[in-house]
Number of protein chains: 2
Amino acid sequence: MPEKITVAIDAMGGDHAPQQNIHGAMQALRKAKDNLRIILVGNVDKIRPHINDQPKNILLKHTSDVIRMNEHPVRSVKKKTDSSLVVAATMVKEGEADAFVSAGNTGAVTAAGLLIIKRIKGIDRPAIATMFPTRRGFSLILDAGANADCRAENLVEFAKMGSIYLHHMSGKNKPSVGLLNIGEESSKGNMLYLRAHELLRKTDLNFYGNVEGRDLPLGTSDIVVCDGFTGNIALKLMEGVSDSVFKEIKKEISKSFRGRLGATFLLSSLKKLRKRLNPENYGGSPLLGIDGVGVIAHGSSSPTAIANAVLAAAMAVELKVVDGISEQIK
Amino acid sequence: MPEKITVAIDAMGGDHAPQQNIHGAMQALRKAKDNLRIILVGNVDKIRPHINDQPKNILLKHTSDVIRMNEHPVRSVKKKTDSSLVVAATMVKEGEADAFVSAGNTGAVTAAGLLIIKRIKGIDRPAIATMFPTRRGFSLILDAGANADCRAENLVEFAKMGSIYLHHMSGKNKPSVGLLNIGEESSKGNMLYLRAHELLRKTDLNFYGNVEGRDLPLGTSDIVVCDGFTGNIALKLMEGVSDSVFKEIKKEISKSFRGRLGATFLLSSLKKLRKRLNPENYGGSPLLGIDGVGVIAHGSSSPTAIANAVLAAAMAVELKVVDGISEQIK
């Protein structure tokens, strides 16, 4: 029997903390059977009311402080040493946990990864890698927001880390890497992307070439590489547009279909479709390039989103993603 | 009675040229009644078969050459002096037409605007301004792709031009200007956007502050300002996601609703909704900042999209948008 994997959850991070985080933790434990142990890191007085009886495989670690969503990432991580986020990351650094998960301030989670767990040797810039649903299944986009300003060399590093991650997690050999850009031709792009294209072509990655905005929902490439500014805007845009279209359609159905046979049935199948297209179900976003497993969940994470992030973190530990990156980057 | 407005159409530009362009021209004439005159610029041997009898208010201008979609913008505009695009732009420069419309190579259309019609005095970088549908109506995003690399000062210029344009075209006083960014707080963004935020705050524009990817489909601000790289990716992404979601829903309805009462009815109301959300129906994208009216239509424009671009061009002429920008930029 394999050893239990321990995941520390920042119980206080996120818009619906601690309740949804705790429900998510319990959902993850139910799904993982007996191979997972969770440490809920946070204010125990606020955590306990949400736990009926002390369930198996859940530990509590008390911390008094919290980093809020709008606090300065680096300053708050340096100052708030007894915050749930900093303590969760420190547990990974000191081997008390195998991974940590947080739905808190993304910038602070990234800063905690960088300052506490630190970078893998040879990595210049860790990146946030996010799965998003496509018509073919899903793709991985990185950087989703850790680095607002990038050099072309960083984009190549993201491509390498993304390839290794996806290979480990999905078994796919040589996943295809697309460079997000404003045209298919290699002559398209701004200075950063023109140079990145040139560099990517010289690697031994499975470089697909440029992919455009409209290619993302189609799943043209397994991996989409971009700077963190563009990636963050693209992800939020995909969520927003999908959300808006669903709402408009629901309105249309309710309006023109009221009382008609099958309206309820149709709305329920739309709901299923929407669930499939919801990024929440794709397991959180690992911060790749740090010397440990850290997974960022959406600030408005539901229990299911938290559970999926925890399970993705456990899987990354089990499949030794960090070792994989470390060995191939050398 | 007002004088007729003359719009030169690059009949050979775009994926479905010349047929769809010609049908679009005729559609525009039907809608504009007797106030519009159109010059179809292109190879008359290829244009004539699509015109049944010479309709009123359509003139032909023969050109022998065409700039293809993948040609180098500046080089092709300089070399192909008898191309439909260059001749159409030249007609505006020389006062033979009041505006030109092209569904051809966007880079080349921009280059033609810059090199032939030239910039308005005081404008550093013309920008492509595109209307996109939102849940509230529509917003204007610029730059949609004319400038892949920008300085913060350019973004401020885009904000000014967009405000003047929207004020002229919609009558809205002091339209709100949002800066596309990765967070609402002024501390968010990359170096370019941090600086642009600072500069925009000091203008007398109605600056809303930062808007995120998820705000775009909601219509949080009337105008969205960004560099041309980000804007182009955002627009193509919005189109792509909306398209994909509609296709998935259609599949779902057809699958689970086959033969059921009302399926046809529902599919037809979805079609109407999709039409409303289709950017094609929002009238092409003016190249703001050049000393004349030039409107860029989508490469895959339908006749309706061409007609709307022509009508938007005529409206910009009638409402003296170029004079408006010129006076307020001084």
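Procedures and definitions
- Residues numbered from 1 in each chain as written.
- Chains lettered and ligands numbered in written order.
- Predicted model: local features only at pLDDT ≥ 70, side-chain atom pairs only at ≥ 80, totals over all residues.
- Helix = DSSP H or I, 4+ residues; strand = E, 2+ residues; numbered from the N terminus.
- Rg over C-alpha atoms; globule rule 2.2 N^0.38 Å.
- Buried ≥ 20, exposed ≤ 12 C-beta atoms within 10 Å, placed from the backbone.
- Contact = placed C-beta atoms within 7 Å.
- Least-squares fit on C-alpha atoms with pLDDT ≥ 70 in both.
- Nonpolar A, V, L, I, M, F, W, Y, C, P; charged D, E, K, R; others polar.
- pLDDT = per-residue confidence, 0-100.
- Pairing = 2+ DSSP bridges.
- Axes fitted to C-alpha atoms, helices over the stretch in contact; angles between N-to-C directions.
- Domains from an automatic or database assignment.

1. What to know about the overall build of chain A
Now for step 1: Helix and strand counts for chain A stand at 11 helices and 11 strands.
Now for step 2: For 330 residues, the compact-globule estimate of 2.2 N^0.38 gives 20 Å, and chain A sits close to it at 20 Å.
Now for step 3: Principal-axis analysis of the C-alpha atoms places the extent of chain A at approximately 65 × 60 × 40 Å.
Now for step 4: Relative to its 330 residues, chain A shows a buried fraction of 55%.
Now for step 5: Put simply, of all contacts in chain A between residues at least 6 apart along the chain, 72% involve residues at least 24 apart.

2. So, unusual backbone geometry
Residue and element names in this part refer to chain A.
Now for step 1: With an omega dihedral of -5°, the bond running from Ala 17 to Pro 18 counts as a cis peptide bond.
Now for step 2: Mapping Pro 18 onto the fold places it in the loop between β1 (5–10) and α1 (19–32).
Now for step 3: Positive phi, close to 70°, is recorded for Lys 118, a residue that is not glycine.
Now for step 4: Relative to the helices and strands, Lys 118 is located in the loop between α5 (106–117) and β5 (127–133).
Now for step 5: Even without glycine at this site, Lys 174 takes up a positive phi of about 45°.
Now for step 6: As for its placement among the helices and strands, Lys 174 is situated in the loop between α6 (152–170) and β7 (176–180).
Now for step 7: Overall, the presence of 12 C-beta atoms within 10 Å leaves Lys 174 in the exposed class.

3. Some words on the relation of the copies chain A and chain B
Now for step 1: The transformation that overlays chain A on chain B combines an axial shift of 0.0 Å with a rotation of 180°, and the residual RMSD is 0.0 Å. Viewed as a symmetry operation, the transformation between the two copies matches a two-fold axis.
Now for step 2: The overlap is high: 100% of the interface residues of chain A also sit at the interface in chain B, so the same surface is used on both sides.

4. Here's the deal with helix α4 (residues 84–93) of chain B
Quick reminder: α-helices carry 3.6 residues per turn. Residues three or four places apart thus point the same way.
All names here are of chain B.
Now for step 1: For α4, the buried fraction is high: eight of the 10 residues fall into the buried class.
Now for step 2: Of all the residues in α4, the buried ones are Ser 84, Leu 85, Val 86, Val 87, Ala 88, Ala 89, Met 91 and Val 92.
Now for step 3: Count one or two residues on from α4 and you reach Gly 95, which has phi positive near 80°.

5. Examining the interface of chain A and chain B
Size of an interface: often given as the accessible area lost when the parts come together.
Now for step 1: If you look at the interface, chain A gives 46 residues, while chain B gives 46 residues.
Now for step 2: Elements with a minimum of two residues in the side of chain A that touches chain B: α8 (228–257) and α9 (263–276) of chain A.
Now for step 3: Per element, the largest residue contribution to the side of chain A that touches chain B is 22 residues, and it comes from α8 of chain A.
Now for step 4: Of the residues in the side of chain A that touches chain B, the class split is 23 nonpolar, 13 polar and 10 charged.

6. Digging into the confidence of the model for chain A
Detail in the predicted coordinates should be disregarded across regions flagged by low pLDDT.
Now for step 1: Averaged over chain A, the pLDDT score is 92; the fraction of residues at 70 or greater is 96%.
Now for step 2: For this predicted complex, the interface score ipTM comes out at 0.92, alongside a pTM of 0.93.

7. Describing the sheet that holds strand β10 (residues 285–288) of chain B
Residues and elements named next belong to chain B.
Now for step 1: Strand order in the open sheet made by the 11 strands is β3-β2-β1-β4-β11-β10-β5-β6-β9-β7-β8, with mixed pairing throughout. Of all strands in the sheet, those bounded by a partner on one side alone are β3 (58–62) and β8 (206–211). The mean inter-strand angle of the sheet, taken between neighbouring strand axes irrespective of direction, is 25°.
Now for step 2: Note that strand β7 (residues 176–180) and β8 share five bridges and pair parallel. When the bridges of β8 are listed, Ser 176 appears paired with Asn 206.

8. Topic: the domain arrangement of chain A
Residues and elements named next belong to chain A.
Now for step 1: Taken domain by domain, chain A holds domain 1 (1–123 + 289–330) and domain 2 (127–280).
Now for step 2: Using only C-alpha atoms to locate each centre, domain 1 and domain 2 end up separated by 25 Å.
Now for step 3: Contacts between the two partners involve 18 residues from domain 1 and, on the opposite side, 12 residues from domain 2.
Now for step 4: Among the elements of the structure, α5, α10 (303–318) and α11 (321–329) are those that each provide at least two residues to the side of domain 1 that touches domain 2.
Now for step 5: For the side of domain 1 that touches domain 2, the element with the most residues is α11, which contributes five residues.
Now for step 6: By residue class, the composition of the side of domain 1 that touches domain 2 is nine nonpolar, nine polar and no charged.

9. Focus on the sheet that holds strand β10 (residues 285–288) of chain A
All names here are of chain A.
Now for step 1: Sheet architecture is open: 11 strands sit in the order β3-β2-β1-β4-β11-β10-β5-β6-β9-β7-β8, paired in mixed fashion. Pairing within the sheet leaves two strands with one partner each, and these edge strands are β3 (58–62) and β8 (206–211). Neighbour-to-neighbour, the strand axes of this sheet turn through a mean angle of 25°, independent of strand direction.
Now for step 2: Of the strand pairs in this sheet, strand β2 (residues 36–42) and β3 are connected by five bridges, and their pairing is parallel. Residue Gly 42 lies in a different strand from β3, and its bridge partner there is His 62.

10. Considerations on the pairing of strand β5 (residues 127–133) of chain B
All names here are of chain B.
Now for step 1: With seven of seven residues buried, β5 lies mostly within the body of the structure.
Now for step 2: Burial along β5 is two-sided: the face carrying Ala 127, Ala 129, Met 131 and Pro 133 and the face carrying Ile 128, Thr 130 and Phe 132 are both buried.
Now for step 3: Across two bridges, the pairing between β5 and β10 is antiparallel. Across the sheet, residue Ile 128 finds its bridge partner in β10, namely Leu 287.
Now for step 4: In terms of strand pairing, β5 meets strand β6 (residues 138–142) through five bridges, oriented antiparallel. Note on β6: the bridge partner recorded for Pro 133 is Phe 138.

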